[in-house]
Amino acid sequence: MEISIIPIASGKGGVGKSFLAANLAIALAKQGKQVIVADLDFGGSNLHTCLGLNNIYPGIGDFLRARNAKLKDLLVTTDEQNLKFLAGDVRSPFLANMHHSQKMRLIYNLKQLDCEYLILDLGSGSAYNTLDYFGMEQFGMIVTTTEHTSIMNMLTFFKHFAFRVIERSLPKNTFLEQNLRKSYNLSVNEEILTVRGLLDEISVIDPAVAQQAEQKWLSYRPRIVFNKCKDPNELNLLFVLENKLKHNLMLQADFFGCLPDDPSVSISFQQREALNKLIPSAEIAEDINLLADRIIRLWKQPLRNSSSLLLNNTKNIFEKRHKGLEN
Ligand SMILES: Nc1ncnc2c1ncn2[C@@H]1O[C@H](COP(=O)(O)OP(=O)(O)OP(=O)(O)O)[C@@H](O)[C@H]1O
Ligand SMILES: [Mg+2]
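All values reported here derive from a predicted model rather than from experimental measurement. (Residues numbered from 1 in each chain as written. Chains lettered and ligands numbered in written order. Predicted model: local features only at pLDDT ≥ 70, side-chain atom pairs only at ≥ 80, totals over all residues. Heavy atoms only, no water.)

Peer 1: It is not clear to me how the pairing of strand S2 (residues 35-40) should be interpreted in this structure. Could you clarify?
Peer 2: For a regular strand, side-chain orientation follows a simple rule: the groups alternate between the two sheet faces. Among the 6 residues in S2, 6 count as buried, and that is most of the element. Here S2 shows a buried face lined by Val35, Val37 and Asp39 and a second buried face lined by Ile36, Ala38 and Leu40. In this sheet, strand S4 (residues 83-86) lies alongside S2 in parallel orientation, the contact comprising 4 bridges. Counterpart to Ala38 in the pairing with S4 is Leu86. Here S2 runs beside strand S5 (residues 117-122); their pairing, made up of 6 bridges, is parallel. Bridging across to S5, Leu40 finds its partner in Leu122. (Buried < 20%, exposed > 50% of the residue type's maximum accessible area, 1.4 Å probe, protein only. Helix = DSSP H or I, 4+ residues; strand = E, 2+ residues; numbered from the N terminus. Pairing = 2+ DSSP bridges.)

Peer 1: What is the right way to read the nonpolar core from this model?
Peer 2: A general trend in soluble globular proteins is that nonpolar side chains are found buried together. Residues Leu106, Leu110, Leu118, Phe226 and Leu245 are the most contacted members of the largest nonpolar core, which totals 66 residues. A per-element tally of this core places helix H6 (residues 148-168) first, with 10 residues. Listed in part, the 44 residues of the second largest apolar core include Ile8, Ala29, Val35 and Val143. (Core = buried A, V, L, I, M, F, W, Y, C linked by side-chain atoms within 4.5 Å.)

Peer 1: Explain helix H4 (residues 100-111) here, please?
Peer 2: Note on helix geometry: an α-helix contains 3.6 residues per turn, so any two residues three or four positions apart are oriented the same way. The end-to-end C-alpha distance of H4 is 17 Å, a good match for the 16 Å that 12 residues give at a rise of 1.5 Å each. Listed as buried for H4 are Lys103, Leu106, Ile107 and Leu110. The arc that holds every buried residue of H4, seen down its axis, measures 100°, which confines them to one face. At its buried positions, H4 is contacted by S2, helix H3 (60-65), S4, S5, helix H5 (128-134) and H6. (Expected span 1.5 Å × (residues − 1). Arc of directions from axis to C-beta. Contact = heavy atoms within 4.5 Å.)

Peer 1: What should I look at first to understand the site of ligand 1 in this one?
Peer 2: Near ligand 1 lie 18 residues; those nearest to it are Lys17, Phe19, Asn227, Pro260 and Asp262. Here Gly14 contributes a backbone N or O atom positioned 3.0 Å from an oxygen atom of ligand 1. Protein contact buries 80% of the 640 Å² of open area that ligand 1 shows by itself. Listing elements by their share of the shell around ligand 1, those giving two or more residues are helix H1 (17-30), strand S7 (223-229) and helix H11 (263-270). A class-by-class count of the residues in the shell around ligand 1 yields 6 nonpolar, 7 polar and 5 charged. (Near = heavy atom within 4 Å. Polar contact = N/O pair within 3.5 Å; in protein donor to acceptor, adjacent residues only side chain to side chain. Areas by Shrake-Rupley, 256 points an atom, 1.4 Å probe, with all protein chains shown as cover. Nonpolar A, V, L, I, M, F, W, Y, C, P; charged D, E, K, R; others polar.)

Peer 1: Even after reading the chapter, I still don't get the side chain of Glu167, so can you show me in this structure?
Peer 2: Topologically, Glu167 is positioned in helix H6. By relative accessible area, Glu167 is classed as buried at 6%. A polar side-chain atom of Glu167 sits 3.1 Å from a polar atom in the side chain of Arg164. Among the polar contacts made by the side chain of Glu167, one reaches the side chain of Tyr184 at a distance of 3.0 Å. Excluding residues within four positions of it along the chain, Glu167 makes contact with Tyr128, Leu180, Arg181 and Tyr184.

Put into structure tokens, the structure is as follows:
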């Protein structure tokens, strides 16, 4: 089975990653896809709650502790046919600080899982481990609200992600690799290091390596999903954002979806049940189904004009719903 990996990250915490991971997984499973959703938010695992499951299952921590353990033996069947759950670190404290070799073993084994969609609920922020899980796929999903702090933290996440991708594309144990980290230690009067600046510094030492690193970085195409949106006009920031991504980060991202602020989400959290199951008629449940649909059709291909398309689409949906209320 060909596997599509969908890591879900965010710069800022509490933007709705776990909620989206759980409900998107259910929506994809309902459309007949074989789905596994895994909790990789070590130290903050709560994906089980969003799925309506208890916190009792052995998971990735147990896998890492036992040399011969297999991830597939830890998959938990759910009452949603086609959906399996892989628990995080409930029984293994401090897993957020796992060793590099453990992380590489985990990444290798995650990629071997037998499913069509593997959704990874990541921790917020840009710890190395999180960046490396996000980098497992050319296409990753990043969740943000339209609030300034959330957008700024997303841009910081992307910058750290760029540095990490570039760093990992350098030949190992070379002068270049050892020197790279020195570039991060700016003196107080130096300008902040940009992605271009870092590539230029590498280029001075080895232009061919710099070019390879740049190609690697340009191959990533993250998908941005906005959450907790109260008014479609909030998305007017898309065009400025698109420019910033392109010019400051040399990044082409797709604007993939926009979910409304919806009180039914909080109810589902309080009741510890998946929203898709508890209130399937909620507007946001409908939007998550549309998002799942978009993933099935478009996940593995770049989108065109995604800023205008998302803005118009969101305005249309909002107007339709608003009119529905007035009538
Ligand atoms: N669309 C929404 N409308 C209203 N509330 C929402 C929405 N999405 C998420 N929330 C609320 O935001 C809170 C955080 O959600 P969630 O735990 O999914 O975020 P997270 O990004 O996974 O957080 P963390 O960074 O801590 O892992 C929850 O209380 C949830 O009820
Ligand atoms: Mg979470």
